[in-house]
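The chain contents come next:
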Amino acid sequence: MNDSIILPADYIDGVRQNMEDAADAWLAALPGHIDDVLARWNLTRDGDQVLHGFAAVVLPVHTADGQEAVLKVGYQDAYTRTEVPALRIWDGRGAVRLLESDLSLDPAEEGGVGALLLERLDPDMSLHRIGDDEGAEITGRILAKLAAQPTAAEDLTGVLNLQDIAARWVEELPESWHKLGAPCERRLLDIAVEVCRTLGPGTYESLVHIDLHQANVLAGTREPWLAIDPQAMLADPAYCLDPFLRNRWKTVAEAADPHKALMRRFDILTETADIDRQRAAAWTVARAVEDLLCAAEYGDNEGGSVAVATAIATWMLPLG
């Protein structure tokens, strides 16, 4: 690997787990891609810090005119490719501002490499650092702001559509449930499929962030809080609550009444974002069932588990 960029060990481990046999060659090429973009965009690294999420590494940089920014370079797939068109549409309104992009460093459909130059936010100040109620209010306001922005005249190439996802899940969720040995009650599966069948065929014009949770909202200077790392979809905003509900699950689990604590999150989100509670509950059941099937197949992780997803789906049923 190129000596100029030292990739964090836990990022390397995550890529190897995700990409398996293709990981080492991909990782070996990544520092060269980063150096290429730094030179091409005339960027100067601001210290040696290398931050990362699941898919990308993030380097603090200065632009040629001295502006503070971050360079994000990493894995590209169907979900991460939606980040650029979404950020262009939102243009800094509720989300981090995109300054430059190049998704063709390696144009492979799966496992490609792309680069984004973004305004710099505070990586040490996410909604993980503040109380649950305030975090839910902030997230609800951001969700509403993103969903309200018009998309009709914008290029939405590559952006996913809930109609397509729901149609797939009608077939895929039962297949996975049977293959995995029925990891949840049949009634949860049946309700999730019915939600997809009845609500999925709608026409969706709202561009939303379907991975909007506490770690994906950072403090900024231009606005107090801004969304990052969008997985964007044309969808009902009611589809978007599940990531916030399951994130920081320890806070829910350690409450005197975990069910009540979860429903308080749900109530604040739906009220602040002005989302219909029954639709939100219905889509949350569907997403929770998909979460638990993924966890049953690939193992529990920080982002979700069979037990957590089952609890969320079950507690939503009276509203769905």
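Details of the structure are given in the entry above.
Here the structure is a predicted model, which means the values were calculated and not measured.

> Tell me about the packing of aromatic side chains, residues and numbers included.
Tallied over the entire structure, the rule returns 4 aromatic pairs. Pairing Trp26 with Tyr75 gives two aromatic rings, centres 6.2 Å apart and planes at 55 degrees, and the pair type is tilted. Of this pair, Trp26 sits in helix H2 (residues 23–40) while Tyr75 sits in strand S4 (residues 68–76), and the two are 49 residues apart along the sequence. In terms of burial, Trp26 and Tyr75 fall into one category: buried. Considering the side-chain rings of Trp249 and Trp315, the 6.2 Å spacing of their centres and the 20 degrees angle between planes classify their relative orientation as stacked. Here Trp249 is found in helix H8 (residues 249–253), whereas its partner Trp315 is found in helix H11 (residues 306–316), with 66 residues between them in sequence. When its relative accessible area of 17% is taken as the criterion, Trp249 is described as buried. Accessibility expressed as a relative area gives 22% for Trp315, which makes it partly exposed.

> Quick one: what's the story with the environment of Arg222, residue by residue and with numbers?
Structurally, the position occupied by Arg222 is in the loop between strand S10 (217–219) and strand S11 (225–227). When the C-alpha atoms of Arg222 and Leu292 are compared, they prove to be 38 Å apart, with 70 residues separating the residues in sequence. Excluding anything up to four places from it in sequence, Arg222 contacts Gly92, Ala95, Val96, Arg97 and Glu119. Among the polar contacts listed, one links the side chain of Arg222 to the backbone oxygen of Gly92, at a separation of 2.8 Å. A polar side-chain atom of Arg222 sits 2.4 Å from a polar atom in the side chain of Glu119.

> Lay out the pairing of S4 in plain terms, naming residues and giving numbers.
By the criterion of burial, S4 is predominantly enclosed, with 8 of the 9 residues buried. Here strand S3 (residues 56–62) pairs with S4 via 7 bridges, running antiparallel. Bridged to Val61 within S4 is Ala69. Hairpin connection, S3 to S4: the antiparallel pair is bridged by 5 residues, and Gly66 has positive phi, about 90 degrees. Sheet topology places S4 next to strand S6 (residues 112–119); 8 bridges connect them, and they run antiparallel. Looking at S6, one finds that Leu71 is bridged to Leu117.

> How would you sum up the sheet that holds strand S9 (residues 207–209)? Please name residues and give values.
One key point about sheets: their strands pair by backbone hydrogen bonds, in either a parallel or an antiparallel sense. The strand order across the open sheet formed by 3 strands is S8-S12-S9, and the pairing between neighbours is mixed. Bordering the open sheet on either side are strand S8 (160–161) and S9, each of which pairs with just one other strand. Where S8 lies against strand S12 (residues 232–234), 2 bridges are found, and the strand directions are parallel. Across the sheet, the residue bridging to Leu160 is Met233, located in S12. Its contacts with the sheet place helix H3 (residues 83–90) against S9 and S12, and it is angled at close to 115 degrees to S9.

> Provide a residue-level description of the nonpolar core, including the pertinent values.
Counting 85 residues, the largest nonpolar core has Trp283 and Met316 as its most contacted members. If you tally residues by element for this core, the top one is helix H10 (residues 277–298), at 10 residues. Met316 has contacts with Leu245, Leu262, Met263, Phe266, Ala281, Thr284 and Val285, leaving out every residue within four places of it along the chain. Membership of the second largest hydrophobic core comes to 28 residues, among which are Trp26, Leu59, Ala69 and Leu105.

> Explain the environment of Ile130 residue by residue, including any values.
Checked against the element boundaries, Ile130 lands in the loop between strand S7 (122–126) and helix H4 (132–148). Along the primary structure Ile130 and Thr221 are separated by 91 residues, whereas in three dimensions their C-alpha atoms are 17 Å apart.

Analysis parameters
Residues numbered from 1 in each chain as written. Predicted model: local features only at pLDDT ≥ 70, side-chain atom pairs only at ≥ 80, totals over all residues. Heavy atoms only, no water. Phe/Tyr/Trp six-rings, centres within 6.5 Å; stacked < 30°, edge-to-face > 60°. Helix = DSSP H or I, 4+ residues; strand = E, 2+ residues; numbered from the N terminus. Buried < 20%, exposed > 50% of the residue type's maximum accessible area, 1.4 Å probe, protein only. Contact = heavy atoms within 4.5 Å. Polar contact = N/O pair within 3.5 Å; in protein donor to acceptor, adjacent residues only side chain to side chain. Pairing = 2+ DSSP bridges. Axes fitted to C-alpha atoms, helices over the stretch in contact; angles between N-to-C directions. Core = buried A, V, L, I, M, F, W, Y, C linked by side-chain atoms within 4.5 Å.

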